[in-house]
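# Summary of the model geometry
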Amino acid sequence: MTDVKTITVERRGRVGLVTLNRPEALNALNLELMTDLVAAASELDADPGIGAIVVAGSTKAFAAGADIKEMVSKDYQEMYAADWFAGWSRFTAVRTPVIAAVSGYALGGGCELVMMCDIVIAGENAKFGQPEIKLGVIPGMGGSQRLTRAIGKAKAMELILTGRTMDAAEAERAGLVSRVVPTGSVLDEAMSTAATIGSMSLPIAMMAKEVVNAAYETMLENGIRFERRVFHSTFATEDQKEGMSAFIEKRDPEFKNR
Ligand code: CAA
């Protein structure tokens, strides 16, 4: 399988390993990375020789969110016309079980990508959160819907309204992750879990994934579409420009409430 710039793709037996590879931006999810990741996951999904997929980042960051530099100057019309983030629905359409191997930061879109995966193995150094509010936006890749389902309303509200991050132990208690392991063992644990799943019947594993998702996703689709539209509309505000510019300029934002 070909390696592309923003990710690397390997096959190890019946496991497909996709590693996010934008270290200079802590694996921020720009359009190119999303396109590459979705294409790689779809290709592995179509391959009957692959029984499970692992998505991993680096030790410092699984992914630090959607790419703020790519979005900062966009306006509402552009976000809406491009239906920004809609491409992620091809990732959640993957039928092969997907395991997230999470070390370091899984923030914003990074946390949302984690929640699109079926099983989450986290290192002790993992940090989860939805800090979008600090940038003058809201989650736009499903976070408001999936986090609320994963950890409940009160905790999801607190994280989304304050931008606070959770460490791995809190995330495990809250039900966001399947298992916490020593940071150095994350990939091995994820690969061995994937190999176990890969040893099962692939159609039966797909069916098992589909029925668990049916319990989890009923009415989720409408919520995701609603969230994406409201996310796009944050780009009609001055505070989105201020919040994202302030991050890039490494200063505190001065929100004007408009
Ligand atoms: N987008 C673009 N670039 C990013 C980025 C992002 N989400 N996160 C980090 N980077 C870049 C930084 O700008 C920096 O680049 P330069 O060297 O060119 O300055 C580089 O990655 C390293 O980052 P830091 O110097 O900030 O590293 P740190 O160790 O001091 O801090 C961090 C790490 C706490 C994760 C910090 O980078 C951070 O807060 N990142 C942003 C997190 C965030 O707000 N994510 C949400 C994005 S919006 C979103 O995801 C919307 C949605 O719902 C999908």
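Residues numbered from 1 in each chain as written. Predicted model: local features only at pLDDT ≥ 70, side-chain atom pairs only at ≥ 80, totals over all residues. Heavy atoms only, no water.

Following the sequence through the fold, E112 ends up in helix α5 (residues 109–116). For the buried residue E112, which engages in no salt bridge, the nearest side chain bearing the opposite charge is R146, 6.9 Å off. A polar contact is formed between the side chain of E112 and the backbone nitrogen of G140, at a distance of 3.4 Å. Side-chain polar atoms of E112 contact the backbone nitrogen of G142, separated by 3.3 Å. (Helix = DSSP H or I, 4+ residues; strand = E, 2+ residues; numbered from the N terminus. Buried < 20%, exposed > 50% of the residue type's maximum accessible area, 1.4 Å probe, protein only. Lys, Arg positive; Asp, Glu negative; His and termini not counted. Salt bridge = Lys/Arg side-chain N within 4 Å of Asp/Glu carboxyl O. Polar contact = N/O pair within 3.5 Å; in protein donor to acceptor, adjacent residues only side chain to side chain.)

Another point: the site of the ligand. The local shell around the ligand holds 26 residues, among which K60, G109, E132, G140 and K250 are the closest. Note that a nitrogen atom of the ligand is positioned 3.0 Å from one of the backbone N or O atoms of A64. Within the side chain of E132, a nitrogen or oxygen atom sits 2.7 Å from an oxygen atom of the ligand. Isolated, the ligand exposes 980 Å² of accessible area, and the fraction of that covered by the protein chains is 74%. When each cavity is represented as a set of grid points, the ligand is found to reside in the largest pocket. Contributions of two or more residues to the shell around the ligand are made by α2 (68–71), β6 (105–107) and α5. Across the shell around the ligand, the residue classes break down as 15 nonpolar, four polar and seven charged. (Near = heavy atom within 4 Å. Areas by Shrake-Rupley, 256 points an atom, 1.4 Å probe, with all protein chains shown as cover. 1 Å grid on protein atoms, 1.4 Å probe; cavity = no way out; pocket = protein on both sides within 12 Å on 5 of 7 lines; lining within 4 Å. Sits in = over half its atoms within 2 Å of the grid points. Nonpolar A, V, L, I, M, F, W, Y, C, P; charged D, E, K, R; others polar.)

A residue-level look at the protein chain finds 98% of positions with pLDDT of 70 or above and a mean pLDDT of 95. Mean pLDDT values for the elements of the protein chain range from 88 in helix α11 (residues 220–233) up to 99 in strand β5 (residues 98–102). Scored as a complex, the prediction yields pTM 0.94 and ipTM 0.99. (pLDDT = per-residue confidence, 0-100.)

Once that is clear, we can look at the pattern of salt bridges. Here the structure, examined in full by the defined rule, presents 16 salt bridges. Between R22 and E24 there is a salt bridge whose closest N-O contact spans 3.8 Å. The exposure class of R22 is buried, given its relative accessible area of 12%. Across the pair E242 and R251 runs a salt bridge whose closest N-O atoms are separated by 2.8 Å. Salt bridges sharing common partners tie together K155, E158, R164 and E170.

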